[in-house]
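# An overview of the molecular structure
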Amino acid sequence: MYKGFMVDKSILGKDIHFDEGCGSCHGGNEKGVTKETAHRGLVTRPSNQADTCGKCHEDIAKPFKTSLHFTTEGQRHGVSGRFSHKELKTFNEKVFEKSCRTCHASCGDCHVKAPVIGGINTGLIRGHRFVRKDEGKTCALCHGGRVYPEFTGEYGGNADIHYQKGMICVDCHKKEGFHGDGTTILRTRKEVKERPRCTHCHPPGEAKTEKAQVAHKTHSGKLSCYACHAGGSYRNCYDCHLGKGATAKPGFVLGLNPRDKKTVTTLRIIPTVRDTFASAGIAMEGYDRLPNYWDAAPHNIKKRTERTRSCDVCHEEKKDFLTKELLLKNGSKANEGLVYTPKSIAK
Amino acid sequence: MKTRLGLSLFAAVLIFFLCAGYLARALSSESPGCVKCHTDEQILKSLYTPPKLGPSEGEG
């Protein structure tokens, strides 16, 4: 839509970013009289090179190069465990650089123009103003398949309690976390030191009711907060094929966290299937080394759920727990290690 | 006669410089190409070409 490319003229003389002219960041030919000649040599996303912003914002742009948003290293790390050494090399050359890496976030994707998803975007955030945050036009576009619609309630069910209270993404996800620390190339969001934890705002032992205090104490170290406080179904993606995408269905799965094999938590289906990368010539020799379920952080938190109301939902009905019968057909052999059956409790 | 000719010449030169000055000012205040098109809704609308969409590779 052309409106996404409209620049608000009123900001041109006021914002220091425009002092050196459009071409200082975007290149192109300012003397060109047609669209084609004016756009010759155009740099559509100047901040793809973080150094563009780093001329003045070096303290942010330099460490940003190590952040997961910039490197997209999480996408490589998520699948690389399934590859042989040779396959990883092929993946890096044929898939990661040409597909995954194109999805990385630049400074501008969050501060100037909404990121491009599937070839489309909503354009300039506010007429090319440089904004600090506008999550509905930035975070929501890249994270709009799963967590954001869960958070706002657009994926069904209720909106997350934090959303209902008026909180936004950056209230929990601090800039120190997603701007990178400049020292370590992280492989996964779990390695982010400043990543949000429920206990930052809800310290253990401060629950208001005795029932909640007992429940928290009993399950401490055995159960994630999500297992009881996730408000309902969340999005699971299946059957991803390179270049063709995946299909999605709502679901709710409880099982052992694949990262530690001892904590029970909410699991989300990983869309990678045996022939996901077949078109790139990658058979995934180590496919069975990783499961098809991964620990999930559904963003549809509720204070009271059916699990917080009654112990029976888990301990007697065993509702939503992963069983051998429910495992994905033709899935990874590693899935079996995530099956968990809660013990019945004496009445 | 000489004085009148001098005055006319002076007036002509003055008019020339005034016009040249005005023209230069008008040209210098003209926005560069990018600003001109990207701040004018009508121009931008006429130049806009919708993107060709390929298959989406995932749902984030």
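Remember, it's a predicted structure, so these values are computed and weren't measured experimentally.

Glancing now at the side chain of Glu73 of chain A. The topology assignment puts Glu73 of chain A in helix 6 (residues 73–80). In this structure, Glu73 of chain A is in contact with Leu68, Phe96, Ile185, Leu186 and Arg187 of chain A, ignoring residues within four places of it in sequence.

Keep in mind that low pLDDT regions are not for reading the predicted coordinates in detail. Residue and element names in this part refer to chain B. Across chain B, pLDDT averages 71, with 50% of residues at or above 70. Across chain B, the element-wise mean pLDDT spans from 62 in helix 1 (residues 2–29) up to 95 in helix 3 (residues 41–47). Confidence drops under pLDDT 50 across residues 23–30; counting only partners more than four residues distant or on other chains, this segment forms one contact. For this predicted complex, the interface confidence comes out at an ipTM of 0.76, alongside a pTM of 0.84.

All names here are of chain A. With respect to topology, three strands assemble into an open sheet ordered 3-4-5, the strand pairing being antiparallel. Each of the sheet's edge strands pairs with one partner strand only, and the pair in question is strand 3 (253–256) and strand 5 (293–295). When strand polarity is set aside, the average angle formed by the axes of neighbouring strands in this sheet is 55°. The pairing of strand 3 with strand 4 (residues 264–269) spans four bridges and is classified as antiparallel. If you follow Leu254 over to strand 4, its bridge partner there is Thr266.

This part covers the side chain of Thr71 of chain A. Following the sequence through the fold, Thr71 of chain A ends up in helix 5 (residues 68–71). Look at Thr71 of chain A and you get buried, because its relative accessible area is 10%.

Moving on to the layout of surface pockets. Residues and elements named next belong to chain A. Within this model, the second largest pocket holds a volume of roughly 190 Å³. Together, 16 residues line the second largest pocket, and Val273, Tyr287, Leu328, Lys329 and Asn330 are the ones closest to its centre. The element best represented in the lining of the second largest pocket is strand 1 (residues 234–241), accounting for three residues. Among the residues forming the lining of the second largest pocket, the class breakdown is eight nonpolar, four polar and four charged.

Here we take up unusual backbone geometry. Residue and element names in this part refer to chain A. Backbone geometry at Lys261 places phi at a positive 60°, although glycine is not the residue there. Mapping Lys261 onto the fold places it in the loop between strand 3 and strand 4. Phi is positive for Asn330, close to 60°, though the residue is something other than glycine. Positionally, Asn330 belongs in the segment after helix 18 (312–315).

Every contact between the two is made by 22 residues of chain B and, on the other side, 31 residues of chain A. The interface formed by chain B and chain A holds one salt bridge in total. When the shortest N-O distance is used, the salt bridge between Glu41 of chain B and Lys3 of chain A registers 3.9 Å. Remark: the boundary between chain B and chain A carries six residue pairs in polar contact (both at pLDDT 80 or more). Looking at the side of chain B that touches chain A, the elements with two or more residues in it are helix 2 (33–38) and helix 3 of chain B. The residue makeup of the side of chain B that touches chain A, split by class, is nine nonpolar, eight polar and five charged.

Conventions and cut-offs
- Residues numbered from 1 in each chain as written.
- Chains lettered and ligands numbered in written order.
- Predicted model: local features only at pLDDT ≥ 70, side-chain atom pairs only at ≥ 80, totals over all residues.
- Heavy atoms only, no water.
- Helix = DSSP H or I, 4+ residues; strand = E, 2+ residues; numbered from the N terminus.
- Contact = heavy atoms within 4.5 Å.
- pLDDT = per-residue confidence, 0-100.
- Pairing = 2+ DSSP bridges.
- Axes fitted to C-alpha atoms, helices over the stretch in contact; angles between N-to-C directions.
- Buried < 20%, exposed > 50% of the residue type's maximum accessible area, 1.4 Å probe, protein only.
- 1 Å grid on protein atoms, 1.4 Å probe; cavity = no way out; pocket = protein on both sides within 12 Å on 5 of 7 lines; lining within 4 Å.
- Points joined across faces, edges and corners; volume = space filled by probe spheres on them.
- Nonpolar A, V, L, I, M, F, W, Y, C, P; charged D, E, K, R; others polar.
- Salt bridge = Lys/Arg side-chain N within 4 Å of Asp/Glu carboxyl O.
- Polar contact = N/O pair within 3.5 Å; in protein donor to acceptor, adjacent residues only side chain to side chain.

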